[in-house]
Amino acid sequence: MPLIEDGRPAEDSWTSVPDGEPVPGDIPAIISFERWQAERDSFAGRNTKLGVRLKGGTLAPAIAEDLDRFALVAVEFPKFRDGRGFSTARELRERYGYEGEIRAVGHVLPDQYLFLKRTGFTSVEAPEGTNLESWVNALSEVSVVYQPGLGKDDPNPLINRWLKSEAVQG
Amino acid sequence: MSFRAITGNRLRDGAVVFYNDEAGWVERLTGASLYEDKATAETKLASAKAEAEKERLAVDIYLFEVLVEDGKRVPVTIRERIRSLGPTVRTDLGKQAAA
Amino acid sequence: MTATAFRADPGIPGPGTFGSEPDDHAGIYRYDDLDRRFVAERVEQFSKQVTRRLAGELTEDEFKPLRLMNGLYLQLHAYMLRIAVPYGVLTTTQFRKLSEIGRKYDKGYGHFTTRQNLQFNWIKLEDTPAILGELAEVDMHALQTSGNCVRNVTTDQFVGASADEIVDGRVYAEILRQWTIAHPEFTYLPRKFKIAIMGSDSDRAAIRTHDVGVIAKRNEAGETGFTFYVGGGLGRSPFVGKLVREWVPEQDFAAYLEAILRVYNQYGRRDNIYKARIKILVHQLGIDKFKAEVEEEFARLPRPKFTLAPEIVEGIRARFASPGLERLPAESAEFERSKAENVEFARWSTVNLAAHKAPGYAIVSVSLKPAGGIPGDITSEQMDTLADLADRYSFGEIRVTHAQNLVLAHVRKDDLFDLWRQLDAIGLATANIGLIGDIIACPGLDYCALANARSIPLAQAISARFADPARQQAIGELGIKISGCINACGHHHVGHIGILGVDKRGEERYQITIGGDATLTTAIGDIIGPAVTEEAAVDAIDTMVEIYLANRTEGERFLDTIRRIGHGPFKESIYAAD
Ligand code: SF4
């Protein structure tokens, strides 16, 4: 499935490993959260990067304790209408200070890309058959934001815009 | 006698439309194809839906019941009567106005 | 335009900019270039989405939520476009634009809703990018008037004008509008999310029937803060909003809401559309557990980026125009004389006027409920004339109420008689605000795809039955609210008399409730018996009115009498004959 990063199609260096299949030890691999729970000890000596995939209903606190074991957290959107994933990503970043890759997987639309980015996602595994051009355009369509972003001490954008608007008005 | 007909709303303007086996989507109930038997109606519905989505013609497509009394077609439910005519509180508007 | 002078309270007369157009004084937030750019970009984005849909690149399933985010529904006869009127305030320039859109793209009329929005009923999908473009020209949009996002924030229609106001809620409603617009985290909530805010002694915004209801107030030190209620809502399972926090300081206003929304987004149910509203979450968790979750989330939110510093609030406040009120004597001899000479004008003055905070001014409610008329409908012609009147008499400003009426908020008492005569000439001088003829009714089965029964014909029959203005006035305050299905857009649960349209084996029937209340003493009405026909419903209301009149004590309102004598006598008289 096509991977999108920074508004562009990108090479995927990760392999998703279905439950039950062996996890390759030499390449970055994404396993399910359920597998992690059941087999965590078997990954104790692993030297290659590990990623974990959270189902739609698995929220950030579930994985919080183990975040330092993962270079990637994949957050699944069962249906694009199910917006829990936006909060999951934001909590991973803001509450747990997670700095690894957060990837959106499942049913997501290009029209949600900007929101994904602003809540802390770094990459998106776009559904098969998606129009890549729509993803590429999605980040530049709207340039004005009204809410604070994810940077540590980003000023509140309402302040910014007020300062700017004063200048405009004068 | 009771029949079934297929209806939906036209994608580009939302107008109420009815399905006719030959002519495709038409604006008046008088032009709709009527199906006596339920199985035929279901088959037609499935193909009309598939065609409409593919050709982007109509959305929200479903079957409804029509009675034919003295040659006049009257939908069974008030909802479909209102859809086929227009708002009862503005008889100057909708299909009833142009009739 | 020159820079607006800094003013602590935009409603208070003082030095300021006097623009050349009357509506330069209308009490709305003035867009800046960023606001304009945002709306323009969104219009452009939606145009592309429409193109992609028509080209087959988006399926209906994928397109639907996108069009809903832009206020576009598919109804019975066509698409319906719901245009946001933030906190219900419009300039006459905007009002004229709405009239023009009605004429150009619809059928010459519009419909005001119980959410202070305007709906057009006959819109074409292919026209919507152009319509949204025209709206953007006058700083308007249809964003978030639908879909599972934070909807248009509503408030008291007399905000910034009424004599009993403590805090001007518009500024905070505008902050919320900006804060929640295209919010990256909260645009795909479990369900829609409605916020109402009020800042005076009497609740004209029905705050405890909202997902979040906010009361803006001041403490002893004169600081602004907010009381938050959460989990109110009507619909299938009505709940009265519960108190989550008595005092949230101004600087935490947005942060506290953010915490509520995050708890809801994560824990609200997504498996069942009928259980997805926040009221169900609050109910299932219990208010104490819910409160604890919110407080925890709130405590954790990183500051200062969620803090609403005073300069932000002042910056937004400064973008509200001043009505530039004159200093006038409190009483007007002209007004008193006209009342003495003209009984109808006197009645209208008693019923449709409210006290303004500035001496010599009055707040005028313009009823959109003529006897036998369609509640909330207005023609483009009426809109044009009303815009002229608002320019002449009320600083170019028009407001929408959640009771589907309009308001001219700052009219000099000296001008009232002239205004009344001109309103009368276009059929907008009905004297029934708050009375039995002032019926709230949703569009119902005449327009709405979700309806079970029609609402409007019943409203017409009732208002025609009680057409006599003297009788209406004698009956006094009595609110009838009608919904065409359990979604309760007509707020029937909180009507003094509520009516719900149901479908009984293909026939329209009406279930009557009594004792509902939408103010701070919020109460859900009690069903009085089996659903009846439209005709029987009108008779039943007549009967209930008679019982009330026979039992009321001096000065007692319908609701008070019901509370005193109970629902029994009303039920019995209606169902006894069967
Ligand atoms: S209450 Fe029901 S019928 Fe009335 S507008 Fe809402 S959804 Fe439609």
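The model shown is predicted, which means the values in this text are computed figures rather than measured ones.

A. Representation of helix H6 (residues 253-267) of chain C in the model. Helix length check: H6 of chain C (15 residues) gives 22 Å between terminal C-alpha atoms against 21 Å at 1.5 Å per residue, within 8%. Among the 15 residues in H6 of chain C, 14 count as buried, and that is most of the element.

B. How the structure looks around helix H2 (residues 60-69) of chain C. The element H2 of chain C is extensively covered by neighbouring structure, given that eight of its 10 residues are classed as buried. What H2 of chain C keeps buried is the set Glu60, Glu62, Phe63, Pro65, Leu66, Arg67, Leu68 and Met69 of chain C. At its buried positions, H2 of chain C is contacted by helix H1 (38-55) and strand S4 (58-69) of chain B together with helix H1 (33-54), strand S1 (72-74) and strand S2 (79-83) of chain C. After H2 of chain C finishes, the residue Gly71 of chain C shows a positive phi value of roughly 80 degrees.

C. Here's a closer look at empty space enclosed by the protein. For the coordinates displayed, the defined rule picks out 11 cavities of 30 Å³ or more. Counted as a void, the largest cavity has a volume near 290 Å³. Lining the largest cavity are 26 residues, with Asp111 and Phe115 of chain A together with Arg42, Gln45 and Ala182 of chain C sitting closest to its centre. Going through the elements one at a time, helix H3 (113-118) and helix H4 (132-141) of chain A together with H1 and H2 of chain C are the ones with two or more residues in the lining of the largest cavity. A per-element tally of the lining of the largest cavity places H1 of chain C first, with five residues.

D. Representation of the sheet that holds strand S7 (residues 195-198) of chain C within the structure. Residue and element names in this part refer to chain C. Read from one edge to the other, the open sheet built from five strands follows the order S6-S7-S8-S9-S10, with strand pairing classed as mixed. Across the chains shown, the open sheet's two edge strands, defined by having one partner strand only, are strand S6 (154-155) and strand S10 (242-249). Bridging between S6 and S7 involves two bridges; their strand directions are parallel. Residue pairing in the sheet places Thr155 in a bridge with Ile197 of S7. Contacting strand S9 (224-230) and S10, helix H8 (residues 287-300) runs over the sheet at an angle of about 25 degrees to S10.

E. Local environment of the pattern of salt bridges. In this structure the tally under the stated criterion is 71 salt bridges over all chains. Between Asp92 of chain B and Arg90 of chain B there is a salt bridge, with its nearest N and O atoms 2.9 Å apart. Residue class for Asp92 of chain B comes out partly exposed when judged on its relative accessible area of 45%. Note that Glu295 of chain C and Arg245 of chain C form a salt bridge whose closest N and O atoms lie 3.0 Å from each other. Here Glu295 of chain C, found in helix H8, pairs with Arg245 of chain C, found in strand S10; they are 50 residues apart in sequence, far enough to count as distant. What makes Arg245 of chain C partly exposed here is its relative accessible area of 22%.

F. Region of the structure containing the site of the ligand. Around the ligand, the neighbouring residues are Cys442, Pro443, Gly444, Cys448, Leu450, Ala451, Ser483, Gly484, Cys485, Asn487, Ala488 and Cys489 of chain C. The residue makeup of the shell around the ligand, split by class, is eight nonpolar, four polar and no charged.

G. Layout of the layout of surface pockets. Residues and elements named next belong to chain C. Estimated volume of the second largest pocket: approximately 900 Å³. Lining the second largest pocket are 34 residues, with Gln157, Arg204, Ile433, Gly434 and Glu477 positioned closest to its centre. The element contributing the most residues to the lining of the second largest pocket is helix H11 (residues 343-352), with three residues. Its residues assigned to classes, the lining of the second largest pocket shows 15 nonpolar, 12 polar and seven charged.

H. Region of the structure containing the interface of chain C and chain B. Between chain C and chain B, the residue contacts involve 30 residues of the former and 23 residues of the latter. Taking both partners together, chain C and chain B bury about 2200 Å²; carbon and sulfur atoms supply 60% of that area. Our enumeration of links across chain C and chain B arrives at two salt bridges. Between Glu53 of chain B and Arg53 of chain C there is a salt bridge whose closest N-O contact spans 3.6 Å. The set of elements that each furnish at least two residues to the side of chain C that touches chain B consists of H1, strand S5 (118-123) and helix H14 (456-465) of chain C. Element by element, the count of residues in the side of chain C that touches chain B is highest for H14 of chain C, at three residues. A per-class count over the side of chain C that touches chain B returns 16 nonpolar, six polar and eight charged.

Definitions and cut-offs
Residues numbered from 1 in each chain as written. Chains lettered and ligands numbered in written order. Predicted model: local features only at pLDDT ≥ 70, side-chain atom pairs only at ≥ 80, totals over all residues. Heavy atoms only, no water. Helix = DSSP H or I, 4+ residues; strand = E, 2+ residues; numbered from the N terminus. Expected span 1.5 Å × (residues − 1). Buried < 20%, exposed > 50% of the residue type's maximum accessible area, 1.4 Å probe, protein only. Contact = heavy atoms within 4.5 Å. 1 Å grid on protein atoms, 1.4 Å probe; cavity = no way out; pocket = protein on both sides within 12 Å on 5 of 7 lines; lining within 4 Å. Points joined across faces, edges and corners; volume = space filled by probe spheres on them. Pairing = 2+ DSSP bridges. Axes fitted to C-alpha atoms, helices over the stretch in contact; angles between N-to-C directions. Salt bridge = Lys/Arg side-chain N within 4 Å of Asp/Glu carboxyl O. Near = heavy atom within 4 Å. Nonpolar A, V, L, I, M, F, W, Y, C, P; charged D, E, K, R; others polar. Buried area = accessible area lost by both parts, 1.4 Å probe.

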